[in-house]
Amino acid sequence: MVLPVSCCTSSPTQINAVTPKELAGHPGAKMELDVHGVRSNAHFVSIRDPNPTLFIYVTRDGKFIDGGGPLAHARLSNGSLNTLTNPAKYSEVVSLYMTGLELTRPLKVQIGYNDAELIDTTLVPGTYGGVAKLKVRIPNTCCGGVWPIIIQNGPNSTEANAGFVWVQ
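Read on for a plain summary of the structure.

Parameters at a glance
Residues numbered from 1 in each chain as written. Predicted model: local features only at pLDDT ≥ 70, side-chain atom pairs only at ≥ 80, totals over all residues. Heavy atoms only, no water. Helix = DSSP H or I, 4+ residues; strand = E, 2+ residues; numbered from the N terminus. Contact = heavy atoms within 4.5 Å. Buried < 20%, exposed > 50% of the residue type's maximum accessible area, 1.4 Å probe, protein only. Phe/Tyr/Trp six-rings, centres within 6.5 Å; stacked < 30°, edge-to-face > 60°. Pairing = 2+ DSSP bridges. Salt bridge = Lys/Arg side-chain N within 4 Å of Asp/Glu carboxyl O.

### Digging into the side chain of Ser95
Note that Ser95 resides in strand S9 (residues 93-99). With residues near it in sequence (within four places) discarded, Ser95 still touches His73, Ala74, Arg75, Lys133, Leu134 and Lys135.

Structure representation (structure tokens):
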């Protein structure tokens, strides 16, 4: 059976793709690349179950912006990127970008181990349903700093690989 795979992003060393739903439950599949009619050798690739994964902000030179852990790719209410010099404010609505969501399952977001209000969840156009944008409100708690973001999606969670947001 040949199924097309939608490519989200690629670089000389990595391909991030969304596999067809028909492959759910399979441990892996053979994959070939077709670039302008030229096909690669078949390679076996592992297929993982969907798991919520935050996109982490990496600088243009390939380094993490680190503040106790990698900062998530979070956009503030004005559209600017959350950084150590551009923190989120209490009660501000921020956008988080992630993959691996199953929108039919319950979704819960915590920031700094406090429940965050989930305002909206949308799929990002042009990503074949592979990238979601979550709009969440930063909880109004006591202290600023680097806070972990934990997303629970049904039985799956980002807790083991949490991203972080910088809050003033």
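From this point, the discussion proceeds with the structure in view.
### Considerations on the environment of Leu101
By secondary structure assignment, the location of Leu101 is in the loop between S9 and strand S10 (107-111). Take Leu101: its relative accessible area is 18%, and that puts it in the buried class. Here the alpha-carbon distance between Leu101 and Ala132, two residues 31 residues apart in the chain, equals 7.3 Å. Filtering out sequence-adjacent residues up to four positions away, Leu101 remains in contact with Pro52, Leu107, Thr121, Ala132, Leu134, Ile151 and Asn153.

### Some points on the environment of Met31
Looking at the element boundaries, Met31 is found in strand S3 (residues 28-31). Residue Met31 is classed as partly exposed on the basis of its relative accessible area of 26%. Sequence separation between Met31 and Asn41 is 10 residues; the distance between their C-alpha atoms is 8.3 Å. Every residue in contact with Met31, bar those within four places of it in the chain, is listed here: Asn41, Ala42, His43 and Val45.

### Quick word on the packing of aromatic side chains
Summed over all chains, the structure comprises 1 aromatic pair. Taking 6.0 Å as the distance between ring centres and 45 degrees as the angle between the ring planes, the aromatic pair formed by Tyr90 and Trp147 counts as tilted. Taken together, the residues Tyr90 in the loop between strand S8 (74-75) and S9 and Trp147 in strand S13 (residues 145-153) connect sequence positions 57 residues apart. Of the residues examined, Trp147 reaches a relative accessible area of 8% and is grouped as buried.

### Quick notes on the pairing of strand S11 (residues 114-123)
The pairing of S10 with S11 spans 3 bridges and is antiparallel. When the sheet's bridge partners are listed, Ile111 is paired in S11 with Asn114. The antiparallel hairpin formed by S10 and S11 contains 2 residues in its connecting segment, where Gly112 sits at a positive phi of about 65 degrees. When S11 meets strand S12 (residues 131-137), the two strands line up antiparallel, connected through 6 bridges. Each bridged residue has a counterpart across the sheet, and for Asp120 the counterpart in S12 is Lys135.

### Structural notes on the pattern of salt bridges
In total, this model carries 4 salt bridges according to the counting rule given. Between Arg105 and Glu102 there is a salt bridge, with its nearest N and O atoms 3.6 Å apart. The class of Arg105 is partly exposed, set by a relative accessible area of 30%. For Asp115, the salt bridge identified is with Lys108, shortest N-O distance 3.6 Å. Residue Asp115 is classed as exposed on the basis of its relative accessible area of 52%. Judged by its relative accessible area of 41%, Lys108 falls in the partly exposed class.

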